[in-house]
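One-letter residues, chain by chain:
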Amino acid sequence: MTFDLNPANDCLAGKTILITGASDGIGRALTKGFCEHGAHVIALGRSQEKLEALFDEIEACRPEAITIHPLDLATAQTEDYKLLANALDEQFSSLDGLIHNAALLGARSPIEFYPDGDWTTLMQVNVTAAFGLTKALLPALARSEDSRLIFTSSSVGRKGRAFWGAYGISKFAVEGLMQTIAEEVGNISNIKVMSINPGGTRTAMRRDAYPAEDPQTQPTAESLLPAYLALFSAEGQKFHGQALDARNLEA
Ligand SMILES: NC(=O)c1ccc[n+]([C@@H]2O[C@H](COP(=O)([O-])OP(=O)(O)OC[C@H]3O[C@@H](n4cnc5c(N)ncnc54)[C@H](OP(=O)(O)O)[C@@H]3O)[C@@H](O)[C@H]2O)c1
């Protein structure tokens, strides 16, 4: 599958897109890249300090391109998602994209010794938060003429791998959530639902997972931007219901 590697600078003009885990790594790079391509991004993250730094950086060159929304997905409840949905409804007529990007890596250990606390927190952030946020924001996504609901997966969420514990299993759940919603909304709305595996990328999570690896051997988070922009193009509609690999999209 090929797509335009040089999309127009304003290819996301008029679109409002919420990205979770926007304060660092891939989410931060996507937030900056999407703002640079004309979108208004609602950047959700747990660190107010990091979000404010991102806000200042973007506001300096793209005024009013970003709204920040501090929220810790490890403790967020249904009410938090409703408040967010209401705030968005007041400010925007619809939501054109929701990218579930935030995730925890957790312990790397055999299941027999996997820490119970890590399991619970990780499932909350990686799976339950995606469910709650999706549920609250589906009406806003449905009001868009052409929206995307994007889940972030991993190769270990498509084929089980020893010692990846709750992380890999949470990504299997994310794939299940994606497939279920894709079937539910496919024929009754303009929402296109898909999952994407970014592949090895030079971020804090990658460094935690592979501490002995030279980070320079991994592509930057910024290099993923063309693949994610492709999902938001008109052509991207055809990916509905699919489990995608970002690096294959670049081929
Ligand atoms: N990097 C890779 O090689 C790779 C490969 C395959 C899949 N992925 C997937 O790609 C996505 C992004 O990964 P990444 O490498 O960019 O990870 P990262 O550098 O660790 O960034 C993760 C982001 O999620 C946020 N986050 C974590 N817990 C949160 C919580 N409780 N509430 C709100 N936000 C929270 C982090 O916030 P803080 O800034 O506060 O830490 C950070 O902004 C993840 O879904 C990951 O599973 C990554």
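Residues numbered from 1 in each chain as written. Predicted model: local features only at pLDDT ≥ 70, side-chain atom pairs only at ≥ 80, totals over all residues. Heavy atoms only, no water.

Q: Lay out the overall build of the protein chain with the relevant residues and their values.
A: Of regular secondary structure, the protein chain possesses eight helices and seven strands. For 251 residues, the compact-globule estimate of 2.2 N^0.38 gives 18 Å, and the protein chain sits close to it at 17 Å. Expressed as a percentage of the 251 residues in the protein chain, the buried residues total 49%. Excluding contacts between residues fewer than 6 apart, the proportion of contacts in the protein chain whose partners are at least 24 apart in sequence is 74%. When the accessible area of the protein chain is evaluated, it comes to approximately 11,700 Å², of which 51% is carbon and sulfur surface. The centroid of the 21 positive side-chain charges in the protein chain is displaced by 5 Å from the centroid of its 31 negative side-chain charges. (Helix = DSSP H or I, 4+ residues; strand = E, 2+ residues; numbered from the N terminus. Rg over C-alpha atoms; globule rule 2.2 N^0.38 Å. Buried < 20%, exposed > 50% of the residue type's maximum accessible area, 1.4 Å probe, protein only. Contact = heavy atoms within 4.5 Å. Areas by Shrake-Rupley, 256 points an atom, 1.4 Å probe, with all protein chains shown as cover. Lys, Arg positive; Asp, Glu negative; His and termini not counted. Charge placed at Lys NZ, Arg CZ, Asp CG, Glu CD.)

Q: Lay out the nonpolar core with the relevant residues and their values.
A: Residues Phe 34, Ile 99 and Leu 231 are the most contacted members of the largest nonpolar core, which totals 33 residues. Contributing elements (two or more residues each) for this core: strand S1 (16–20), helix H1 (25–36), strand S2 (40–45), helix H2 (48–61), strand S6 (191–197), helix H7 (225–232) and helix H8 (246–249). The biggest single contributor to this core is H7, with six residues. Residues within four places of Leu 231 in sequence aside, it is in contact with Arg 148, Ile 150, Met 194, Ile 196, Gly 236, Phe 239, Leu 244 and Leu 249. (Core = buried A, V, L, I, M, F, W, Y, C linked by side-chain atoms within 4.5 Å.)

Q: How would you summarise the site of the ligand if you had to cite specific residues and measurements?
A: Neighbouring the ligand are 30 residues; Ser 23, Lys 50, Asn 101, Tyr 167 and Thr 203 lie closest to it. Gly 21 places a main-chain nitrogen or oxygen 3.2 Å from an oxygen atom of the ligand. Ile 26 is positioned with one of its backbone polar atoms (N or O) 2.8 Å from an oxygen atom of the ligand. Its free accessible area being 890 Å², the ligand has 93% of it covered by the protein chains. Contributions of two or more residues to the shell around the ligand are made by H1, helix H5 (165–185) and helix H6 (204–209). (Near = heavy atom within 4 Å. Polar contact = N/O pair within 3.5 Å; in protein donor to acceptor, adjacent residues only side chain to side chain.)

Q: Can you tell me about the pattern of salt bridges, naming the residues and giving the values?
A: In the structure shown here, the tally under the stated rule is nine salt bridges. Where Arg 143 meets Asp 89, a salt bridge forms, and the shortest distance between an N and an O atom there is 2.7 Å. Note that Arg 143 is positioned in helix H4 (residues 116–143) and Asp 89 in helix H3 (residues 78–91), a separation of 54 residues in sequence. The salt bridge partner of Arg 148 is Asp 146, with a shortest N-O separation of 2.6 Å. Owing to a relative accessible area of 1%, Arg 148 belongs among the buried residues under this scheme. Using a relative accessible area of 18% as the deciding quantity, one classes Asp 146 as buried. (Salt bridge = Lys/Arg side-chain N within 4 Å of Asp/Glu carboxyl O.)

Q: So, the side chain of Ser 147: which residues are in play, and what are the values?
A: Along the polypeptide, Ser 147 turns up in strand S5 (residues 147–152). Sequence-distant contacts of Ser 147, that is, excluding residues within four places in its chain, are made with Leu 95, Asp 96, Leu 141, Asn 190, Ile 191 and Lys 192.

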